[in-house]
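# Per-entry structural report
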Amino acid sequence: MAKKDIDWSNLSFGYQKTDYRYVSYFKDGKWDNGQLTTDENIVLNECAGVLQYAQTVFEGLKAYTTVDGRTVVFRPDLNAERLIQSAERLIIPPVSKEQFLDAVQKVVKANEDYVPPYGSGATLYVRPYIFGSNAVIGVKPADEYQFRILVTPVGPYFKGGVKPITIRVCDYDRAAPHGTGHIKAGLNYAMSLYAIVEAHKQGYDENMYLDAATRTKVEETGGANFLFVTKDGKVVTPKSNSILPSITRRSLIQVAKEYLGLEAEEREIYVDELEDFAECGLCGTAAVISPVGKVVNHGKEICFPAGMSEMGPITKKLYETLTGIQMGTIEAPKGWIVEIK
Ligand code: PLP
Ligand code: COI
């Protein structure tokens, strides 16, 4: 199979049309069997539930080429579970785990020429989503839905290199004001756009959102969870019911304990504690683990010296172990790597 002629190493995190996408329709109370299509456009009624009331949820995972040339995806069962939870919160009829996994297999297989080669630094980003498609004018759930998966080859989410990632502590809330921060719903991301545009204008890469109730605890950024390392080498991540339960973070906690013999814990983290940490990183499917150099809390700068020029030593070990597991150079825990056949 010939790979597409793409400059893999210089890809950014952007959308590019590939050959196939998956679509399944929900009508008369049930999902159909789904199919692949070459048409990247969707025609919708002007009053579709997704357009009027943002009734849409999504997921994000990646396909990799392993060192021995297989195409694999990382823990897709957890994306299926989270999509189902997100859907239930927005009264979207969830697809079954089986249909989700089958759809991922089909759409990645059909676009295998777009899965970046091993060692290129790029990956195939897989974006499943479900949205209300028929007309609704009263505030109520749609009756018809589409479950789709698009794929697109991507490079790093944060450019890195010369400039360290800097973050500002943010005064807005990321999630829509309906207690939906823990799900991947389109409305939560729309709510974060104002803050990210403002942060970029001020020269920051991302926002550190705080808990809405007390504004004292670290939540997450617009597209990734936080991970910190204490000065005595312990991995800590924020515990909160209103952040997205990151699959990368949950995997890294296990990697820290079982592969690196480190202590790792999820607990509430106060913004006042930031200066006590030795390393800070952002973790997620898109972010992988990106080292943070500086957090600015209303004028007060907290620097993580390691993250200013490179990755801190523990962040680096976590990164190398996780990506080694994903690319097949390090043995994975059972069930983490699913081959596309
Ligand atoms: N937090 C937010 C808001 C996200 O959008 C993402 C990305 O999906 C994450 C965290 C990281 O989650 P995961 O590791 O499952 O990709
Ligand atoms: C992901 O990491 O998959 C995300 O969804 C983050 C961002 C691109 C929204």
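Residues numbered from 1 in each chain as written. Chains lettered and ligands numbered in written order. Predicted model: local features only at pLDDT ≥ 70, side-chain atom pairs only at ≥ 80, totals over all residues. Heavy atoms only, no water.

### Structural notes on the overall build of the protein
Threshold: Helix numbering and strand numbering both begin at the N terminus, where a helix is a DSSP run of H or I of at least 4 residues and a strand a DSSP run of E of at least 2. Only protein chains enter the accessibility calculation, which uses a 1.4 Å probe; a residue is then buried when its area is under 20% of its type maximum, exposed when over 50%, and partly exposed in between. A 1.4 Å probe and the Shrake-Rupley method give the accessible areas. Residues count as covered only by the protein chains that appear here. The charge count includes Lys and Arg as positive and Asp and Glu as negative, but it does not include His or the ends of the chains. Charged side chains are reduced to one point each, which is NZ for Lys, CZ for Arg, CG for Asp and CD for Glu.
Counting its regular elements, the protein contains seven helices and 17 strands. Its C-alpha atoms put the protein at 55 × 50 × 35 Å along the principal axes. Put simply, the protein has 341 residues, and 54% of those count as buried. Working note: accessible area of the protein is about 15400 Å², and carbon and sulfur atoms make up 51% of it. When the 38 positive and 43 negative side-chain charges of the protein are each reduced to one mean point, those points stand 1 Å apart.

### A look at the site of ligand 2
Where we set the bar: We call a residue near a given molecule or strand whenever any one of its heavy atoms falls within 4 Å of it. In protein, a polar contact means a hydrogen-donor-capable atom and an acceptor-capable atom, both N or O and within 3.5 Å, with residues adjacent in sequence counting only if both atoms are side-chain atoms; elsewhere, any N or O pair within 3.5 Å suffices. Each domain's limits were defined by an automated method or a database of domain assignments.
Taken together, the residues surrounding ligand 2 are Phe13, Phe58, Gly60, Tyr125, Arg127, Tyr157, Lys184, Tyr189, Gly223, Thr285 and Ala286. Side-chain polar atom of Lys184 to an oxygen atom of ligand 2: 2.6 Å apart, as the coordinates give it. Here the shell around ligand 2 gathers at least three residues from each of two domains, domain 1 (8-154) and domain 2 (165-327).

### Here we look at the domain arrangement of the protein
One frequently used descriptor of interface size is the decrease in accessible area upon assembly of the parts. In plain terms, the rule: The contact criterion used throughout is that any non-hydrogen atoms of two residues lie within 4.5 Å. Defined in terms of a 1.4 Å probe, buried area is the accessible area two parts forfeit on being brought together, summed over both. When a carboxyl oxygen of Asp or Glu lies within 4 Å of a side-chain nitrogen of Lys or Arg, that pair is called a salt bridge. Amino acids outside the nonpolar list (Ala, Val, Leu, Ile, Met, Phe, Trp, Tyr, Cys, Pro) and the charged list (Asp, Glu, Lys, Arg) are all regarded as polar, and Gly is one of them.
Taken domain by domain, the protein holds domain 1 (8-154) and domain 2 (165-327). Domain 1 and domain 2 are separated by 25 Å when their C-alpha centres are compared. Taken together, the contacts link 25 residues of domain 1 with 23 residues of domain 2. Where domain 1 abuts domain 2, roughly 2000 Å² becomes buried across the two surfaces, and 65% of that area is made up of carbon and sulfur atoms. Broken down residue by residue, the surface that domain 1 buries against domain 2 is led by Phe58, Phe74 and Arg82, which jointly contribute 31%. Taken together, domain 1 and domain 2 are joined by zero salt bridges. At the boundary of domain 1 with domain 2, the tally comes to 10 residue pairs in polar contact (both at pLDDT 80 or more). Mapped onto the side of domain 1 that touches domain 2, the elements with two or more residues apiece are strand 4 (56-58), strand 5 (61-65), strand 6 (71-74) and helix 2 (76-89). With six residues, the single largest contributor to the side of domain 1 that touches domain 2 is helix 2. Here the residues of the side of domain 1 that touches domain 2 sort into 13 nonpolar, seven polar and five charged.

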